[in-house]
Amino acid sequence: MLLVNLGSPEAPSPRAIRRYLREFLSDSRVIEIPRLLWLAILYLLVLPFRPGRIAKGYQAIWTDRGSPLAVYTADLASALQIRMAQRIPGPVTVDWAMRYGSPSIHTKLSQLKAAGAERLLIVPLYPQYSGTTTASVFDAVTATLRGWRWIPELRFVTAYHDHGAYIDALCESVRNHPSSNSPEARHLVMSFHGIPQRYIEQGDPYFCHCHKTARLLADALDLKPGEYSVSFQSQFGKAQWVGPSTSDTLTRLAEAGTKELRVVCPGFAADCIETLEEIQIENRDIFRDAGGETLHYVPALNATQGHVQAMESLVIQHASGWPEALGDSAQRDRRNAPHRVRSLEDGA
């Protein structure tokens, strides 16, 4: 089983960030404008200047163990390994990779192959499907498998935006946050990562997935329509992006008299620069500058017990029917032992 997240630089330095951005922004799934035009923009305007600005944000959130995104993803995989060993007779191995940066999908798949994996379940940690994220993981996985002589059985989770255990975990995280005890922080902003509007018009279901997640979470929290907002953050470039933007939403609420509110980012499985710096620092200041007072950020699910349980439920669903999940792999091995001996004798 391979959990896959977006990725992050190896260090909070301009050089490391430039290397990461070069890989990330060179992906044609992420940037869908004419290739030569974009490469000119990337190498002449983006890579020379943007890494220095972004470095300050990474430096503000970096931990002793490294990037928060990598730390939480690794912890989630470790916790899920323990749960799977308890729930699935196995054998089962849970590992993690990054779409961009290290550890790479190619490296981790190669390690699983060397360990003798016969079945692979790929779980992109993007609850809402988008061609810019989930499909890019599929591209990277199949690019590696194209070089393999023997392809293992492969299953791929494309989305879990409306999975019951995922919604339950989100609901629990909001309810258990200290801000839930504040009567003034009734309004909840659900902020998702934005993508260009053109991608939606071309058939990407991401916008619909985000709104379905928001509706299900609002229902689970018993929120009325006026008690929550859906917004989109992290806009980049001059193209029209899906909206409303999170910064505009926070400004509007503050100017309307909201002094205290909560923000949750359901599309981020683990905290990263977009949540810890963009929401918790940058957008908090935007809210205050517009007249608000307190912005409570509800952390991503990270490696919490609720998230592990949600992933466990998702994995059991998608591994259904495999011998390891059915509990008959040991019996199968005993049954096949004589055949293995004969195969070796025949030159296998």
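Residues numbered from 1 in each chain as written. Predicted model: local features only at pLDDT ≥ 70, side-chain atom pairs only at ≥ 80, totals over all residues. Heavy atoms only, no water.

Caption draft 1: Broad picture of the sheet that holds strand 4 (residues 153-156). With respect to topology, four strands assemble into an open sheet ordered 2-1-3-4, the strand pairing being parallel. Taken across any chain shown, the strands that pair with only one partner, and hence form the sheet edges, are strand 2 (95-100) and strand 4. On average, each strand axis in the sheet is inclined to that of its neighbour by 25 degrees, with strand direction left out of account. With three bridges connecting them, strand 1 (residues 2-7) and strand 3 (residues 119-124) associate as parallel partners. From the neighbouring strand, L2 faces strand 3, where its bridge partner is I122. Sheet strands touched by helix 6 (residues 134-145): strand 1, strand 2, strand 3 and strand 4. Its angle to strand 3, the strand with the most contacts, is close to 150 degrees. (Pairing = 2+ DSSP bridges. Helix = DSSP H or I, 4+ residues; strand = E, 2+ residues; numbered from the N terminus. Axes fitted to C-alpha atoms, helices over the stretch in contact; angles between N-to-C directions. Contact = heavy atoms within 4.5 Å.)

Caption draft 2: Structural context of unusual backbone geometry. At the junction of S102 and P103, the peptide bond is cis and its omega measures out at -5 degrees in the coordinates. Inspection of the secondary structure assignment puts P103 in the loop between strand 2 and helix 5 (105-114). A positive phi is found at D222, a non-glycine position, where the angle reads about 60 degrees. Position of D222 among the secondary structure elements: in the loop between helix 9 (206-220) and strand 6 (228-233). Of note, the phi angle at N302 is positive, near 50 degrees, even though the residue is not glycine.

Caption draft 3: Representation of the environment of I151 within the structure. Tracing the sequence through the fold places I151 in the loop between helix 6 and strand 4. Residues I151 and Y58, 93 residues apart in the sequence, show an inter-C-alpha distance of 38 Å.

Caption draft 4: Up close: the side chain of E277. For E277, the position within the fold is in the loop between helix 11 (273-276) and helix 12 (278-289). Buried and unpaired, E277 has R284 as its nearest opposite-charge partner, separated by 8.8 Å. Those residues within four positions of E277 in sequence are excluded, and the remaining contacts are G57, I61, C272 and E282. (Buried < 20%, exposed > 50% of the residue type's maximum accessible area, 1.4 Å probe, protein only. Lys, Arg positive; Asp, Glu negative; His and termini not counted. Salt bridge = Lys/Arg side-chain N within 4 Å of Asp/Glu carboxyl O.)

All we've got here are geometric facts, nothing functional implied.
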